[in-house]
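Chains, contacts and geometry: an overview
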Amino acid sequence: MNEDKAIDIVKPHLKQERFDHTLRVTETAAELAAKYDADIEKVRLAAILHDYAKYFPLDKMKNIIKNSELPNNLLHFHHELWHGPAASVIVYEKHGVSDTDIRNAIQYHTTGRAGMTTFETILFVADYIEPGRSFPGVQEVRDTAQTDLDRAAWMALRNTIHFLVGKHATVYPDTFNAYNNLTVQLN
Ligand code: DGI
Ligand code: FE
Ligand code: FE
Ligand code: FE
């Protein structure tokens, strides 16, 4: 799989604004990969593919989750959490992307998880800080990502949990586990 092929795969499935987001995530992730010594070409592929399933019909994502090794408890949480895990299966089954770093980074890009690798953390943070994002507190996370990738991920998790709790939404266990794991690690 090369970059042009990955773009050809995802582009027909994305709205223009989502495709533009994807390209910004790719550039942001590449900068982080250079800074934190990850494989830049592999990080760029993971970034291009990360939101591939964003607009899949809910039934299609549900079936992918049911018929794969993905955790079925995803189906008891918000459907916004389904597109990363679904994409991690489809890129493998339909397009032969078997690289574990790429597939895990795609799978966990929304929720995070405890013990994320540097590779996974780069995509998780890049998705949060790309220049098109305007979440409250995002600039602090961008600044922190220049010097401390794990602290930036911790801040993104904290902000997202705060946002979800503030609107009385559920929080997927992996998100809490990622937050708790980094809280202990960083203290
Ligand atoms: O697909 P993107 O819009 O680029 O970003 P994403 O895949 O990180 O989706 C983030 C959205 O998912 C965000 O608006 C919050 C929502 N969400 C719903 N439940 C959870 C959740 N995010 C996390 N991390 N954990 C949840 O339990
Ligand atoms: Fe996403
Ligand atoms: Fe995200
Ligand atoms: Fe995204």
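Residues numbered from 1 in each chain as written. Chains lettered and ligands numbered in written order. Predicted model: local features only at pLDDT ≥ 70, side-chain atom pairs only at ≥ 80, totals over all residues.

Looking at an unreviewed UniProt entry, the protein chain carries the name bis(5'-nucleosyl)-tetraphosphatase (symmetrical), with the source organism given as Lentibacillus persicus. Reading the Catalytic activity (unreviewed entry) entry of the UniProt record for the protein chain gives the comment "P(1),P(4)-bis(5'-adenosyl) tetraphosphate + H2O = 2 ADP + 2 H(+)". (UniProt positions renumbered as here; feature names shortened; annotations may be inferred.)

This paragraph deals with the nonpolar core. One finds L49, I122, V125 and A153 to be the most contacted residues of the largest nonpolar core, which totals 51 residues. Take this core: its biggest share by element is 8 residues, from helix 7 (residues 118–129). When near neighbours in sequence (up to four residues on either side) are disregarded, A153 contacts G112, M116, T121, F124, V125 and L182. (Core = buried A, V, L, I, M, F, W, Y, C linked by C-beta atoms within 7 Å. Buried ≥ 20, exposed ≤ 12 C-beta atoms within 10 Å, placed from the backbone. Helix = DSSP H or I, 4+ residues; strand = E, 2+ residues; numbered from the N terminus. Contact = placed C-beta atoms within 7 Å.)

For the rest of this paragraph, the subject is the environment of L23. By the secondary structure assignment, L23 is in helix 2 (residues 16–35). Taking the C-alpha atoms as reference points, L23 and E130, separated by 107 residues in sequence, lie 9.4 Å from one another.

Attention now goes to unusual backbone geometry. One non-glycine residue, D37, lies in positive phi territory at about 65°. A tally of 8 C-beta atoms within 10 Å means that D37 is categorised as exposed. A positive phi angle, close to 60°, is found at H168, a residue other than glycine. Looking at where H168 falls in the secondary structure, it is placed in the loop between helix 9 (149–166) and helix 10 (173–186).

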